[in-house]
Amino acid sequence: MTTDERPGNRADEQVHMAAVDEFLAWGKEHSLFYLLFATACCGIELMQAGGPRYDVDRLGMIPRATPRQADLMIVAGTITHKMAGRVRTLWEQMTEPRWVVSMGSCANSGGPFSKWSYSVLNGIDKYVPVDIYIPGCPPRPEALIDGVMALRERVKRYRTVGERDRTPYIVAGPEAPFGGHCKVPDFTAKKPDGGGGGSA
Amino acid sequence: MSAVANDAIATAVLAQFPAVQQKHADNGRAFLLVPKGDLVAVAHFLRTQKSLRFDALMDLTAYDLLKYPSTPPSDDIAVVYLLFSYQHRHKVTLKVLAPRAECEVATVSGEWPAALYFEREVFDLFGVRFPGHPSLRRIMTPDDWQGHPLRKDYLYPDSYHGVAHLRDGQHFEGSPPRGGDTP
Ligand code: SF4
């Protein structure tokens, strides 16, 4: 096998023919810079995902310290009512196209604080539009990477003109390719015995 | 620290301020119950007296006596001061009872500047006002928050800035009552 025949070196893998928009989407897909932002324990898993073992840098994900340079906001952790407005401000400072990943139960729905807390917002999607939801408390870095891969699919389909795909996607949720084991709770259903979930 | 030293501190304070009482908590730890009016004088005495020299305010916190199994039943807010002396390596605890209706305790930030932030926190979460504090604003909750969350009769808000607290259709059995819209 000559050097030119090795995978990755063949001419059709080196030369890309595409419309400009498609080419831009391809570029965006491979350079999702995320905002260096975490509010609670999920942030530790986010840092872990950036560390040498999981190393999201190899997916082209480099943390940016300012929202103006970031494409992706990973909301990692508990968001209080006080913080939510700040998150919204950060999101507004990001340039389009921007994506939001809600990482962990807290950012999805208030998580362990949803029942007994006066100060925790039950779901950041009340303030910013969320593309990908990652369940878990905290989600493992694998789950985060799973979410990022799902997001990359969406970024690949992104076109400058036209409708944006806004359907919420839940990692390991009912429609996920490798999942289906994560049930989306039906909050409206009351328990027949009237018992509260974990109430004292 | 030994109980003897604690008693010595109490004796020194009681000699100056007869209205102060030495009490014991359920776990046996001694504390001084200081009348509201004497607090600043007692604090100054504890800090400046050579044999006591309480130069550090380790913590300033509070708790709500409502629904607390105390005798006689009370609904006061107790403000607690934990003092430490770096020089003598001894500690003392002060408690002041502030009636719920007119919840005011004089500031000790003149003695220990560390009290500035602690008093803001106690004001924010328990609604105790500290006359003499230079800038008594909320510190944890947003500036326009209503109510003081760690009071036991606090009513949880059901929304903040028009954003509902619970998700659509979300329902928890036995959760604390919510109401009183926070504007
Ligand atoms: S979901 Fe769990 S791990 Fe993540 S921020 Fe909330 S409590 Fe922490």
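What counts as what
- Residues numbered from 1 in each chain as written.
- Chains lettered and ligands numbered in written order.
- Predicted model: local features only at pLDDT ≥ 70, side-chain atom pairs only at ≥ 80, totals over all residues.
- Heavy atoms only, no water.
- Helix = DSSP H or I, 4+ residues; strand = E, 2+ residues; numbered from the N terminus.
- Buried < 20%, exposed > 50% of the residue type's maximum accessible area, 1.4 Å probe, protein only.
- Contact = heavy atoms within 4.5 Å.
- Areas by Shrake-Rupley, 256 points an atom, 1.4 Å probe, with all protein chains shown as cover.
- Patch = residues over 30% accessible without salt bridge, like charges linked within 9 Å, V, L, I, M, F, W, Y side chains within 5 Å.
- Salt bridge = Lys/Arg side-chain N within 4 Å of Asp/Glu carboxyl O.
- pLDDT = per-residue confidence, 0-100.
- Near = heavy atom within 4 Å.
- Nonpolar A, V, L, I, M, F, W, Y, C, P; charged D, E, K, R; others polar.
- Buried area = accessible area lost by both parts, 1.4 Å probe.
- Core = buried A, V, L, I, M, F, W, Y, C linked by side-chain atoms within 4.5 Å.
- Phe/Tyr/Trp six-rings, centres within 6.5 Å; stacked < 30°, edge-to-face > 60°.
- Lys NZ or Arg CZ within 6 Å of the ring centre and 35° of its normal.

Participant: What am I meant to see in the overall build of chain B here?
Facilitator: Scanning chain B from terminus to terminus reveals three helices and seven strands. For chain B, the sequential pattern of α-helices and β-strands runs α-β-β-α-β-β-β-α-β-β. Oriented by its inertia axes, the alpha-carbon framework of chain B measures out at about 65 × 35 × 25 Å. The 183 residues of chain B split such that 44% are buried. In chain B, once contacts between residues fewer than 6 apart in sequence are set aside, the share between residues at least 24 apart is 49%. Accessible area of chain B: about 9400 Å², with a carbon and sulfur share of 54%.

Participant: Mind showing me how you'd approach a nonpolar patch on the surface here?
Facilitator: A cluster of nonpolar residues, A:Val20, A:Phe23, A:Leu24 and A:Trp26, forms a patch on the protein surface that exposes about 410 Å² of accessible area. With respect to the helices and strands, A:Trp26 occurs in helix 2 (residues 20–29).

Participant: Got a minute to help me understand the confidence of the model for chain B in this structure?
Facilitator: It should be kept in mind that the predicted coordinates are not to be read in detail where pLDDT is low. Residues and elements named next belong to chain B. For chain B, per-residue confidence averages 88 on the pLDDT scale, and 96% of positions sit at 70 or higher. In the model of chain B, helix 1 (residues 3–16) stands out as the element of lowest mean pLDDT, 82, in contrast to helix 3 (residues 115–126), which has the highest, 95. Model confidence for the complex: the whole-complex pTM is 0.80, and ipTM, which rates the interface, is 0.79.

Participant: Looking at this model, I keep getting lost on the site of the ligand. Mind explaining?
Facilitator: Residue and element names in this part refer to chain A. Taken together, the residues surrounding the ligand are Ala-40, Cys-41, Cys-42, Gly-77, Thr-78, Gly-104, Ser-105, Cys-106, Pro-112, Gly-136, Cys-137 and Pro-138. Among the elements that make up the shell around the ligand, the one with the highest residue count is helix 5 (residues 104–109) (three residues). Its residues assigned to classes, the shell around the ligand comprises seven nonpolar, five polar and no charged.

Participant: Looking at this structure, how should I read the interface of chain A and chain B?
Facilitator: How large an interface is tends to be reported as the accessible area lost when its parts come together. Contacts between the two partners involve 24 residues from chain A, matched on the other side by 25 residues from chain B. Both sides together, the interface formed by chain A and chain B hides about 2100 Å², and carbon and sulfur atoms give 58% of it. Counting across the chain A and chain B interface gives one salt bridge. In this structure, the salt-bridge partner of A:Asp125 is B:Arg167, at a minimum N-O distance of 2.7 Å. Every element with two or more residues in the side of chain A that touches chain B is listed here: helix 4 (81–93) and helix 5 of chain A. The class makeup of the residues in the side of chain A that touches chain B is six nonpolar, 13 polar and five charged.

Participant: Mind showing me how you'd approach the pattern of salt bridges here?
Facilitator: Two side chains with opposite charge may pair up if their charged atoms get near one another. Residues and elements named next belong to chain B. What the rule picks out here adds up to 16 salt bridges over all chains. With a closest N to O distance of 2.8 Å, Arg-47 and Glu-111 form a salt bridge. Residue Arg-47 is found in helix 2 (residues 39–48), and its partner Glu-111 is found in the loop between strand 5 (91–98) and helix 3; the two are separated by 64 residues along the sequence. Residue Arg-47 is classed as partly exposed on the basis of its relative accessible area, which comes to 27%.

Participant: Would you mind showing me how to read the nonpolar core here?
Facilitator: Taken as a class, soluble globular proteins show a tendency for nonpolar side chains to be buried jointly. With 40 residues, the main nonpolar core has B:Val13, B:Leu46, B:Tyr81, B:Leu94, B:Val105 and B:Val128 as its most contacted residues. Top element by residues in this core is helix 2 of chain B. It accounts for five residues. Apart from the residues lying within four places of it in its own chain, the contact partners of B:Tyr81 are B:Leu39, B:Leu57, B:Asp59, B:Leu60, B:Val92, B:Thr93, B:Leu94, B:Val96, B:Val105, B:Ala106, B:Val108 and B:Phe130. The next biggest cluster of nonpolar side chains, apart from the first, holds 28 residues, and it includes A:Cys42, A:Ala49, A:Leu151 and A:Tyr169.

Participant: Could you clarify how one ought to interpret the packing of aromatic side chains in this entry?
Facilitator: When we look at a pair of aromatic rings, we describe it by the centre distance and by the angle of the planes. This model, assessed by the stated rule, comprises ten aromatic pairs over all chains. Grouped by ring-pair contacts, the aromatic residues A:Tyr118, B:Trp145, B:Tyr154, B:Tyr156 and B:Tyr160 constitute a single cluster. Over the aromatic face of A:Trp91 sits the side chain of A:Arg98, whose NZ or CZ is 3.9 Å from the ring centroid. If you follow B:Lys95 out to its NZ or CZ, it ends over the ring of B:Phe31, 4.0 Å from the centre.

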